[in-house]
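Results of the structural survey
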Amino acid sequence: GENVEQHPSTLSVQEGDSAVIKCTYSDSASNYFPWYKQELGKRPQLIIDIRSNVGEKKDQRIAVTLNKTAKHFSLHITETQPEDSAVYFCAAGTYKYIFGTGTRLKVLA
Amino acid sequence: DVKVTQSSRYLVKRTGEKVFLECVQDMDHENMFWYRQDPGLGLRLIYFSYDVKMKEKGDIPEGYSVSREKKERFSLILESASTNQTSMYLCASSFQTGGAGELFFGEGSRLTVL
């Protein structure tokens, strides 16, 4: 079946450094690629998304890039802060989507 | 703000019991979803509904059924609970205009089956 692979599963960075999380997907029909952040004990919340007609999107310290040919997309967080510590999920699909297995990001002060 | 409310935060049930998980959204969203979240496995789609009385299987529907009698309410049913259904269950809704859109999640229902 269709799947989304996400790497790494855990990531530790020093405060102020950048963090990159990568995902690959198998369904070539996918046209929507959201990223969700889930803080401990809380619900997942959308932080940024990209559609297949766009290669890159940026929102302050967060950016997402998409390579449809290679079927991979990445989340970039610059100038990381302790409040960025959370689990991040990528997803890919159309009217419904498949989630990756998550990346636990720890930002060390 | 969109509000998605799940009826129970924590449930403990016995093997073989019938379990109902209720979800209500207040933003008139067409689409509603039930996911299961397990460590290391991410969020896996159980069922979703794109309209009242309409439903479609997700990736792991076995052992589950759903009901959507009203637009705002989507129920997940475990006909005969088993220990491997111990998990966190997340309901979500979205307003979709011709394509995929943002999911708004509830707080989750943590189910333990003994």
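Parameters and conventions
Residues numbered from 1 in each chain as written. Chains lettered and ligands numbered in written order. Predicted model: local features only at pLDDT ≥ 70, side-chain atom pairs only at ≥ 80, totals over all residues. Heavy atoms only, no water. Salt bridge = Lys/Arg side-chain N within 4 Å of Asp/Glu carboxyl O. Helix = DSSP H or I, 4+ residues; strand = E, 2+ residues; numbered from the N terminus. pLDDT = per-residue confidence, 0-100. Pairing = 2+ DSSP bridges. Axes fitted to C-alpha atoms, helices over the stretch in contact; angles between N-to-C directions. Contact = heavy atoms within 4.5 Å. Polar contact = N/O pair within 3.5 Å; in protein donor to acceptor, adjacent residues only side chain to side chain. Buried area = accessible area lost by both parts, 1.4 Å probe. Nonpolar A, V, L, I, M, F, W, Y, C, P; charged D, E, K, R; others polar.

All right, on to the pattern of salt bridges then. This model, assessed by the stated rule, comprises 13 salt bridges over all chains. Across the pair R43 of chain A and E107 of chain B runs a salt bridge, and its minimum N-O distance is 2.5 Å. Linking R43 of chain A in the loop between β4 (32-38) and β5 (45-51) with E107 of chain B in the loop between β10 (104-105) and β11 (109-113), this pair reaches from one chain into another. Between D28 of chain B and K71 of chain B there is a salt bridge, with the nearest N and O atoms lying 3.1 Å from each other. Residue D28 of chain B is found in the loop between β3 (19-25) and β4 (31-38), and its partner K71 of chain B is found in the loop between β7 (65-70) and β8 (73-78); the two are separated by 43 residues along the sequence. What you see here is one network of salt bridges that share partners, running through K37, E39 and K42 of chain A.

Let's shift gears to the confidence of the model for chain B. Averaged over all residues, the pLDDT of chain B equals 93, while 96% of them reach at least 70. Confidence, read as mean pLDDT per element, is least for strand β6 (residues 54-57) of chain B in chain B (91) and greatest for β11 of chain B (98).

As a further point, take the sheet that holds β8 of chain B. Strand pairs in the sheet, formed through backbone hydrogen bonds, run parallel or antiparallel to each other. Residue and element names in this part refer to chain B. Taken together, the four strands give an open sheet; going across it, the order is β1-β3-β8-β7, and neighbouring strands pair in antiparallel fashion. The strands lining the two open edges of the sheet, one partner per strand, are β1 (4-6) and β7. Between one strand and the next, the sheet's axes are offset by a mean angle of 20°, whatever the strand orientation. Across six bridges, the pairing between β3 and β8 is antiparallel. By the bridge assignment, F20 is partnered in β8 with I77.

All names here are of chain B. Inspection of the secondary structure assignment puts E69 in strand β7. Sequence separation between E69 and V52 is 17 residues, and the spatial gap between their C-alpha atoms is 5.9 Å. Non-local contacts of E69, meaning those with residues more than four positions away in its chain, are made with V52 and K53. Side chain to side chain, E69 and K53 meet in a polar contact 2.5 Å long.

Another aspect to go through is the interface of chain B and chain A. Chain B puts 22 residues into the contact, and the matching count from chain A is 17 residues. Carbon and sulfur atoms make up 53% of the surface buried where chain B meets chain A, a total of about 1,700 Å² over both sides. Together, L43, A100 and F105 of chain B form the three largest contributors to the area buried by chain B at its contact with chain A, with a combined 31%. Taken together, the links from chain B to chain A amount to one salt bridge. Connecting chain B to chain A are six residue pairs in polar contact (both at pLDDT 80 or more). Per-element tally for the side of chain B that touches chain A: the top contributor is strand β5 (residues 42-51) of chain B, with four residues. Residue classes in the side of chain B that touches chain A are distributed as 11 nonpolar, six polar and five charged.

In this section: the pairing of β6 of chain B. Residues and elements named next belong to chain B. Relative to β6, β5 runs antiparallel, the two sharing three bridges. Bridge pairing links D51 to M54 in β6. Linking β5 to β6, which pair antiparallel, is a turn of two residues; within it K53 sits at a positive phi near 65°.

Bringing the sheet that holds strand β1 (residues 4-7) of chain A into the picture now. Residue and element names in this part refer to chain A. Ordered by their spatial adjacency, five strands build an open sheet running β1-β3-β8-β7-β6, and the pairing between neighbours is antiparallel. The sheet is open, and its two edges are formed by β1 and β6 (56-59), each paired on a single side. When the angles between neighbouring strand axes are averaged without regard to direction, this sheet yields 15°. For β1 and strand β3 (residues 19-25), the ladder comprises four bridges, and the chain directions are antiparallel. Directly across from V4, in β3, lies its bridge partner Y25.

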